[in-house]
Amino acid sequence: MLEFKEVTKTFEGSKKPAVHKLNLSINKGEFVVFIGPSGCGKTTTMKMINRLVEPSDGQILVEGTNVLDQDSVQLRRSIGYVIQQIGLMPHMTVGENISLVGSLLKWSKEKQRERAKELISLVDLPEEYLNRYPHELSGGQQQRIGVLRALAADPPLILMDEPFGALDPITRDGLQEEFKKLQKEVDKTIVFVTHDMDEAIKLADKIVIMNAGEIVQVGSPDEILKHPANEFVEDFIGKDRLLQSRPDVTRVEQIMNANPITVKEERTLKEAIQVMRDNRVDSLLVVDEIGTLKGYIDIEMIDAQYKKRSYVYEAMDTEEYSVHKSDLLRDTMYRMLRRGSAYVPVIEENDRLVGIVTRAALANMVYDTIWGDETAEVAAAD
Amino acid sequence: MEAIITTLSAYGWDLLEKTGEHMFISLAAILLGVSVAIPAGILLTRIPKVADRIISFVGVLQTVPSLAILAFLMPFLGVGVLPAIIALFIYSVLPILRNTYTGVMEVDSSLKEAGRGMGMSNWETVRKIELPLALPVIMSGIRFATVYLIGWATLAAFIGGGGLGDLIFDGLNLYQPS
Ligand SMILES: Nc1ncnc2c1ncn2[C@@H]1O[C@H](COP(=O)(O)OP(=O)(O)O)[C@@H](O)[C@H]1O
Ligand SMILES: [Mg+2]
């Protein structure tokens, strides 16, 4: 699909090449993430693919054709491109932004509109947004549009340069999940640049670690975590690796507490408080007769609504975030930590509540990972 | 009050006609200025290294007194409306050129890059991104030039270009301090 052969780029006026003799081949449908410290040549490598930067030496083949043998404008129209600054045109509506490449390709207005509608239905945004202007959207919504814009002409290859880098952690998390799903649906080859190891591990089929213009290691997230090629890679993965090499295989089920404190939705608020008091907790998971997770309720909600409402189901919050018991901790741990909530409910099929993971449980696991071996050694020495 | 009414009834038509001429000269010069300075301003953004020097040079032209320019143009273009328009046009170039250049340079570079990365040709980048986004700045240059030119157009009278200058200079010549 995409092949780099001895690709070198030396910018005018600089002696050291920004990218040096890079060899890499990327398969169709693969999600490849370039990662490395700032200035190591990730962006340069990516921009050589759509010729925003011209290689000084070597060849880049897209589906067998050297990019330098193609008209640069045509080439770019056939490759999706998403940048960190999002780059939505402020004077165009969201719809016009999405159909920008379509308009360059001289699609009919009708076709442009149809395609925009089709695309916006892929993400969690209402169709009315097509008539809004970018500044009316939040950062996360804007970058969703940025991604859709790159998908508009259905290019087989999409380049993304730190697309989620400017978003706050929670928005970024949501978008990463959503995007990973989307990628599976649309079946694209994706070249993605980041300097965030979490992001790389979460999204990549193949990680390419770069340093000073050269590739240091290429491999799947697991391979890289388990067998870092050298000290640089180890340092680069750093503290994260300690946490991640174990969550790699550990499932949520293994660390969850299987006896969460719950209350049935048709109980009264007074009964709910009683349960909290008896168990010395300040919030409860709400379930129905057969144990389906319905939401949660905490002491503040009860306090605020005690006069107006009498039953749990009237006062509870149904926006409950949960993880599946067979999820890998690797995929969920950072989400859990970053959300900052004290616990996450664990469900199985049909939203049945089976447990709860608390921050304390995570702390235990991290402790075991970091000092577990040491403790074992000390014990053995005794 | 009475004096104004007598003046208007005597010179009313004249005034109207001269105003018409005045407007025509100014607007023709502005249109000419717009059609030269905007493309030139955009071209300058493609050669930012020398753009500043070129703009300074045009700025120097601007400081030549208008009468001198009129006098300079006379041997080539003679007298009448055309040389007047050309002289004024020269003055309209700088503000429009400068504002076009700054306006386009100020367009967020990530937008230009997004445009290029999506496969816009040079011309498409100009038409779909740079011009629309620089428009407010360009317009303020045009507005500035227009106000400026309507004032300068008075001098057109000196080379037979007509306009309100005719009336003003007639008035000044005929004025007898009592
Ligand atoms: N247009 C350019 N002109 C000159 N040097 C550049 C240019 N773009 C990038 N570089 C240099 O090339 C190196 C790699 O940059 P880049 O690819 O942007 O790194 P990364 O994206 O990994 O942070 C850096 O040393 C940077 O200063
Ligand atoms: Mg970069």
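Further up the page is the structure itself.
What you see is a predicted model, and the numbers here were worked out from it, not measured in a lab.

Enquirer: Explain the packing of helix α5 (residues 109-120) of chain A against helix α6 (residues 139-151) of chain A here, please?
Expert: Residues and elements named next belong to chain A. Running from N to C, α5 and α6 point in directions that differ by 130 degrees, and their axes come no closer than 10 Å. The angle between the axes of α5 and α6 places the two elements in the oblique class. Judged by the twist between their axes, the crossing of α5 over α6 is right-handed. From α5, R115, L119 and I120 reach across to α6, where they touch I145, L148 and L151. For the contact of α5 with α6, the class distribution of residues is 5 nonpolar, no polar and 1 charged.

Enquirer: I tried to follow the sheet that holds strand β2 (residues 19-26) of chain A on my own but got confused; where do I start?
Expert: As a general point, the strands of a sheet are linked pairwise by backbone hydrogen bonds and lie either parallel or antiparallel. Residues and elements named next belong to chain A. The strand order β2-β1-β4-β5 describes an open sheet built from 4 strands, whose pairing is antiparallel. Since the sheet does not close on itself, it has two edges, and those belong to β2 and β5 (65-66), each with one partner. As paired elements, strand β1 (residues 2-9) and β2 share 5 bridges and run antiparallel to each other. Directly across from E3, in β2, lies its bridge partner S25.

Enquirer: When you look at the side chain of T45 of chain A in this model, what are you seeing that I'm missing?
Expert: The topology assignment puts T45 of chain A in helix α1 (residues 42-49). Those residues in contact with T45 of chain A that lie beyond four places of it in its chain are F4, V19, L22, F34 and M210 of chain A.

Enquirer: I'm lost on a nonpolar patch on the surface in this one. Help?
Expert: Where nonpolar side chains cluster on the molecular surface, the patch consists of M1, I4, I5, L8 and L15 of chain B and spans about 520 Å² of accessible area. When you line up the elements, I4 of chain B lands in helix α1 (residues 2-45).

Enquirer: Mind showing me how you'd approach the nonpolar core here?
Expert: Inside soluble globular proteins, nonpolar side chains tend to come together where they are buried. Ranked by size, the top nonpolar core spans 75 residues in total, and within it L2, I49, L157 and V191 of chain A carry the most contacts. For this core, the element with the most residues is helix α4 (residues 81-106) of chain B, which contributes 12 residues. Core analysis: the second largest hydrophobic core is formed by 42 residues, V33, A150, F192 and A204 of chain A among them.

Enquirer: I would appreciate a short explanation of unusual backbone geometry in the present structure.
Expert: Leaving glycine aside, a negative phi is the common case for residues, and trans is the common case for peptide bonds. Residues and elements named next belong to chain A. One non-glycine residue, A212, lies in the positive phi region at around 45 degrees. Relative to the helices and strands, A212 is located in the loop between β9 (206-211) and β10 (214-219). The backbone phi angle of D351 is positive, close to 60 degrees, even though this residue is not glycine. Inspection of the secondary structure puts D351 in the loop between β15 (343-347) and β16 (353-358).

Enquirer: Quick question: what am I supposed to make of the pairing of strand β4 (residues 57-62) of chain A here?
Expert: Residue and element names in this part refer to chain A. Taken together, the 5 bridges between β1 and β4 define a ladder with antiparallel strand orientation. Bridge pairing in β4 places F4 opposite I60. Pairing geometry for β4 and β5, over 2 bridges, is antiparallel. Across the sheet, V62 pairs through a bridge with T65, a residue of β5. Two successive antiparallel strands, β4 and β5, enclose a turn made up of 2 residues, where E63 displays a positive phi of approximately 45 degrees.

Enquirer: What am I meant to see in α6 of chain A here?
Expert: Think of an α-helix as 3.6 residues a turn; residues three or four steps apart then line up on the same face. Residues and elements named next belong to chain A. Its 13 residues place the ends of α6 19 Å apart at the C-alpha level, agreeing with the 18 Å of an ideal helix rising 1.5 Å per residue. Counting buried positions over the 13 residues of α6 gives 12, a clear majority of the element. Of the residues making up α6, those classed as buried are G140, Q141, Q142, Q143, R144, I145, G146, V147, L148, R149, A150 and L151.

Enquirer: Looking at this structure, I do not really get the interface of chain A and chain B. What am I missing?
Expert: One frequently used descriptor of interface size is the decrease in accessible area upon assembly of the parts. Contact with chain A, which involves 22 residues of that partner, is made by 16 residues of chain B. Summing both sides of the interface, chain A and chain B together bury roughly 1,600 Å²; the carbon and sulfur share of this comes to 65%. On the chain A side of the interface with chain B, the three residues burying the most area are R76, H91 and L104 of chain A, jointly 27% of the side's total. Between chain A and chain B we count 2 salt bridges in total. On inspection of chain A and its partner chain B, the count reaches 6 residue pairs in polar contact (both at pLDDT 80 or more).

Enquirer: Is there a simple way to explain the site of ligand 1 in this structure?
Expert: Residue and element names in this part refer to chain A. Surveying the vicinity of ligand 1 reveals the residues F11, A18, S38, G39, C40, G41, K42, T43 and T44. The separation between an oxygen atom of ligand 1 and a polar main-chain atom of G39 is 2.7 Å. Within the side chain of T44, a nitrogen or oxygen atom sits 2.5 Å from an oxygen atom of ligand 1. Here ligand 1, which alone exposes 560 Å², has 54% of that area covered by the protein. In the shell around ligand 1, the residues fall into 3 nonpolar, 5 polar and 1 charged.

Enquirer: Would you take a moment to explain α5 of chain A for this structure?
Expert: Residue and element names in this part refer to chain A. Taking 1.5 Å per residue as the helical rise, α5 with its 12 residues ought to reach 16 Å, and the 17 Å between its terminal C-alpha atoms agrees with that figure. Those residues of α5 not exposed but buried are Q112, R115, A116, L119 and I120. In a view along the axis of α5, the buried residues occupy a sector of 125 degrees, so they form one face of it. Check the buried side of α5 and you find it contacts α3 (94-98), α4 (100-104) and α6.

Cut-off values and rules
Residues numbered from 1 in each chain as written. Chains lettered and ligands numbered in written order. Predicted model: local features only at pLDDT ≥ 70, side-chain atom pairs only at ≥ 80, totals over all residues. Heavy atoms only, no water. Axes fitted to C-alpha atoms, helices over the stretch in contact; angles between N-to-C directions. Helix = DSSP H or I, 4+ residues; strand = E, 2+ residues; numbered from the N terminus. Parallel < 35°, antiparallel > 145°, perpendicular 65-115°, else oblique. Left-handed = near helix turned anticlockwise from the far one by under 90°. Contact = heavy atoms within 4.5 Å. Nonpolar A, V, L, I, M, F, W, Y, C, P; charged D, E, K, R; others polar. Pairing = 2+ DSSP bridges. Patch = residues over 30% accessible without salt bridge, like charges linked within 9 Å, V, L, I, M, F, W, Y side chains within 5 Å. Areas by Shrake-Rupley, 256 points an atom, 1.4 Å probe, with all protein chains shown as cover. Salt bridge = Lys/Arg side-chain N within 4 Å of Asp/Glu carboxyl O. Core = buried A, V, L, I, M, F, W, Y, C linked by side-chain atoms within 4.5 Å. Buried < 20%, exposed > 50% of the residue type's maximum accessible area, 1.4 Å probe, protein only. Expected span 1.5 Å × (residues − 1). Buried area = accessible area lost by both parts, 1.4 Å probe. Polar contact = N/O pair within 3.5 Å; in protein donor to acceptor, adjacent residues only side chain to side chain. Near = heavy atom within 4 Å. Arc of directions from axis to C-beta.

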